[in-house]
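The chain contents come next:
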Amino acid sequence: GDAIPSQRQLAEQFNVSRASLREALLTLETLGLVKTEPGRGTFVTAGRPDPAAALKWRYSDSHSMQDVFETRHMLEGRIVLAAAKAIDAAALADLVDATDEMERCWEAGDLLANVEADLRFHRTIAASCPNRMLQSVYETVQDLLTETQRQPIPRTNPTRMRASVAEHREIIAALSRQDGPAACEAMRRHIANTAACADIILDM
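Residues numbered from 1 in each chain as written. Predicted model: local features only at pLDDT ≥ 70, side-chain atom pairs only at ≥ 80, totals over all residues. Heavy atoms only, no water.

Caption draft 1: Highlighting the overall build of the chain. Secondary structure summary: the chain contains nine helices and two strands in total. Taken against the 2.2 N^0.38 rule, which gives 17 Å for 204 residues, the C-alpha radius of gyration of the chain at 17 Å falls within 12% of a compact globule. Taken along the three principal axes of its C-alpha coordinates, the chain extends 50 × 35 × 35 Å. Burial analysis of the chain (204 residues in total) assigns 47% to the buried set. Within the chain, counting contacts between residues at least 6 apart in sequence, those at least 24 apart form 69% of the total. Roughly 10,300 Å² of accessible area belongs to the chain as shown, and the carbon and sulfur atoms make up 53% of that amount. Here the chain carries 23 positive and 29 negative side-chain charges, and the mean point of each set is 1 Å from the other. (Helix = DSSP H or I, 4+ residues; strand = E, 2+ residues; numbered from the N terminus. Rg over C-alpha atoms; globule rule 2.2 N^0.38 Å. Buried < 20%, exposed > 50% of the residue type's maximum accessible area, 1.4 Å probe, protein only. Contact = heavy atoms within 4.5 Å. Areas by Shrake-Rupley, 256 points an atom, 1.4 Å probe, with all protein chains shown as cover. Lys, Arg positive; Asp, Glu negative; His and termini not counted. Charge placed at Lys NZ, Arg CZ, Asp CG, Glu CD.)

Caption draft 2: Structural context of empty space enclosed by the protein. Applying the stated rule across the entire model yields one cavity of 30 Å³ or more. Considering only enclosed or pocket space, the largest cavity measures out at about 140 Å³ in volume. In this structure, the largest cavity is lined by 15 residues; those nearest its centre are Asp118, Gln149, Ile153, Ser164 and Thr194. Counting residues per element, the ones that place at least two in the lining of the largest cavity are α5 (111–127), α8 (158–176) and α9 (180–197). Here the residues of the lining of the largest cavity sort into five nonpolar, seven polar and three charged. (1 Å grid on protein atoms, 1.4 Å probe; cavity = no way out; pocket = protein on both sides within 12 Å on 5 of 7 lines; lining within 4 Å. Points joined across faces, edges and corners; volume = space filled by probe spheres on them. Nonpolar A, V, L, I, M, F, W, Y, C, P; charged D, E, K, R; others polar.)

Caption draft 3: Examining the pairing of strand β2 (residues 41–44) more closely. Taken together, the four bridges between strand β1 (residues 34–37) and β2 define a ladder with antiparallel strand orientation. Along β2, the bridge assignment pairs glutamate 37 with glycine 41. The hairpin formed by β1 and β2 contains three residues between the paired strands, and glycine 39 there has a positive phi angle of roughly 85°. (Pairing = 2+ DSSP bridges.)

Caption draft 4: Structural view of the pattern of salt bridges. Summed over all chains, the structure comprises 18 salt bridges. We note a salt bridge from glutamate 29 to arginine 58, for which the minimum N-O separation is 3.4 Å. Remark: arginine 58 occurs in the loop between β2 and α3 (65–83) and glutamate 29 occurs in helix α2 (residues 18–30); sequence separation between them is 29 residues. When its relative accessible area of 25% is taken as the criterion, glutamate 29 is described as partly exposed. Classification of arginine 58 by relative accessible area gives partly exposed; the value is 30%. Between glutamate 101 and arginine 104 there is a salt bridge, with its nearest N and O atoms 2.6 Å apart. (Salt bridge = Lys/Arg side-chain N within 4 Å of Asp/Glu carboxyl O.)

Caption draft 5: The packing of α2 against α5, seen in detail. Close contact between α2 and α5 brings their axes to 10 Å; oriented N to C, the two are set at 125°. In terms of orientation, α2 and α5 fall into the oblique class. α5 is crossed by α2, and the crossing has right-handed handedness. Along the contact surface, α2 presents Glu23, Ala24, Thr27 and Leu28, while α5 presents Leu112, Val115, Glu116, Leu119 and Arg123. Class assignment of the residues belonging to the contact of α2 with α5 gives a composition of five nonpolar, one polar and three charged. (Axes fitted to C-alpha atoms, helices over the stretch in contact; angles between N-to-C directions. Parallel < 35°, antiparallel > 145°, perpendicular 65-115°, else oblique. Left-handed = near helix turned anticlockwise from the far one by under 90°.)

Caption draft 6: Fine view of the packing of aromatic side chains. One pass over the full model with this rule turns up one aromatic pair. Between tryptophan 57 and tyrosine 59 the ring centres are 5.8 Å apart and the planes differ by 65°, which places this aromatic pair in the edge-to-face class. In terms of burial, tryptophan 57 and tyrosine 59 fall into one category: buried. (Phe/Tyr/Trp six-rings, centres within 6.5 Å; stacked < 30°, edge-to-face > 60°.)

Rendered as structure tokens:
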């Protein structure tokens, strides 16, 4: 029930950017650990992830979750297809590190850091795409896309998380071979499986 400090205070306290802090607060809210009340502030909830939070879609007034998952499925598939020919060793190493971090944080029960590592994985691929227009489109709709990464977490079980990590590694393997079609297929399968955790069915 306690109110948390303002974003400005928290950003100064933890020496992080306001953008990074906003990402963390959005993840905590999606997990049901904090609740924002317009005009009043942000408050701590029960102190543990709330599976019911996964049923709430933040952007329901503008875009359905189905539409956003479909867009992500199409866009990230095309982005990784293009990135396969341009990605460098540093980006590949970052993908491996993000996936390892995602796995470690899940095992440690740190869901916030788990989501942050997942976001880093997908953003690294987008940043490696040589098509600047695709990059720009991704950045424009990034808030919507990343919410589909947060949304299923409260209802994700250990079996699905192990599968998700394995799917990340399949994408990395395809990228390391510069095999665009395989990377595209692996990415679309990964997103379809993630969507299924939120009860969204995508056509492959």
